[in-house]
Amino acid sequence: MYINITDSETADNKGSSGGLVHYLDKENRTDKEKQPEYWFNHERNNIVSNEVRPAIDYNIAKLSKVDAKFFLVNISPSQKEITFLKEKYGEDGVKEHLKAYAVSIMDEYARNFKRPGIESGKDLLWFGKLEMHRYYSHKDPEVTQGIKKRGERKDGEQMHIQVIVSRKDITNMIKLSPMNKSKGKNTEHSKKMGQFDRSAFKSSGERLFDTQFSFDRALTETFRYANTQKKGTLEQRMALHAEKKSHEEAQKLRPSEKLQQAPGNKSDLVQHKTYLKPPEPTQFLKSLFGKTASDSAPGIPRKKKKKKANDQQQDQQQSL
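Presented here is a report on the structure given in the accompanying data block. Throughout this description, residue numbers start from 1 for each chain and increase along the sequence as written. Local features in this predicted model are restricted to residues of pLDDT 70 or higher, and side-chain atom pairs are both shown and tallied only at a pLDDT of 80 or more, whereas totals for entire chains, interfaces and linings draw on every residue. As a rule here, side-chain values cover all heavy atoms of the structure and leave hydrogens and water aside.

On to the overall build of the protein, then. Scanning the protein from N- to C-terminus turns up 11 helices and four strands. Looking at the protein as a whole, 35% of its 320 residues are labelled buried. A separation threshold of at least 6 residues defines the contact pool for the protein, and within that pool the share at least 24 residues apart is 69%. Only the protein chains shown count as cover for residues, with accessible areas throughout obtained via the Shrake-Rupley method and a probe of 1.4 Å. Accessible surface, the protein: about 21,500 Å² in total, of which carbon and sulfur atoms supply 52%. Every helix listed is a DSSP run of H or I at least four residues long, and every strand listed is a run of E at least two residues long, numbered separately from the N terminus. Burial classes follow relative accessibility: with a 1.4 Å probe on protein chains only, a residue under 20% of its type's maximum area counts as buried, one over 50% as exposed, and anything between as partly exposed. Should any heavy atoms of two residues lie within 4.5 Å, those residues are counted as being in contact.

Only Phe, Tyr and Trp rings are paired, with Trp represented by its six-membered ring, and only when their centres lie within 6.5 Å; those with planes under 30 degrees apart are stacked, over 60 edge-to-face, the remainder tilted. Within the structure shown, the criterion is met by 12 aromatic pairs. Relative to phenylalanine 215, the ring of phenylalanine 84 has its centre 5.1 Å away and its plane inclined at 75 degrees; by these criteria the two rings are edge-to-face. You can see phenylalanine 84 sitting in helix α4 (residues 79-111) and its partner phenylalanine 215 sitting in the loop between α7 (198-213) and α8 (223-231), a full 131 residues away along the chain. Judged by relative accessible area, phenylalanine 84 falls into the partly exposed class, the value being 23%. Take phenylalanine 215: its relative accessible area is 9%, and that puts it in the buried class. Site record: aromatic cluster; members linked through ring pairs are Phe84, Tyr89, Tyr101, Phe209, Phe213 and Phe215. Working rule: Lys NZ or Arg CZ, within 6 Å of ring centre, within 35 degrees of ring normal, means a charge sits over the ring. For the cation-ring pair, lysine 26 lies above tyrosine 23, with the distance from its terminal atom to the ring centre recorded as 4.0 Å.

Positionally, tyrosine 135 belongs in the loop between β3 (124-131) and α5 (141-144). On the basis of relative accessible area, tyrosine 135 is assigned to the partly exposed category, the value being 24%. Leaving out residues up to four positions away in the same chain, tyrosine 135 has contacts with Lys26, Glu27, Asp140, Gly151, Glu152, Arg153 and Lys154.

Structure below.
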């Protein structure tokens, strides 16, 4: 799960949101034969672009020309996560479930400020737009290498959601900036400007996805793992490596197959073992094992017994 916050995708967020709204509405212009994809928020799922721009642009009380007026929240599940959702909810159901997830994400966004009066997404002014595709830009290595062209669609599952959220809360009174780096360390600054921990926000969004959709996420696929590998200390990386090894060992200990048991009958639990079949004896061994002891070496024992008896008879005659 990739969750990121930027000032803007294509337009300056210190002016009108019109350029960004127009950009995010591109699939409705290119795929005219399909049902248009409307904007949504915590209240409605049928918001048109003409409503989004004025709502964001007029919610700027006491903001100067150089202040950010809005921010862009990018919610991008991985191809593995999208495939999982499609298998669980189908092609049509996945869209609505992903939108509901975005609503919960904006609740986490609001709570991350830890600001009185900002308790959920309902206290924010925001609009989300679901997009089905992603497109190559001039920054992609495939474009610079001449493999793909700028503007060409990327392959695979690319469904994602873009959210435009106003700098001011829904009452147009409280300033909120996710670019604030105080994280609550500066108490006085936090009281005035609020606080926002972007790492905590990304982690909470990931946990929310796993909980909401019962998704089993591997340790190496977590934001915590990637962030520790990139920014963690040596001790933190070593601890994470030990945790990874422990997880792998636990996976090896799990039985590959579970024993089958009939309901209510514990005596039916049977453990199957495999025994090696002894090799077949050769023809010579068969003939040897099939004979009696006296026939195993014919003639030899009888000759010895007869000679011994004759010797005893001769000795008796000489003694007489």
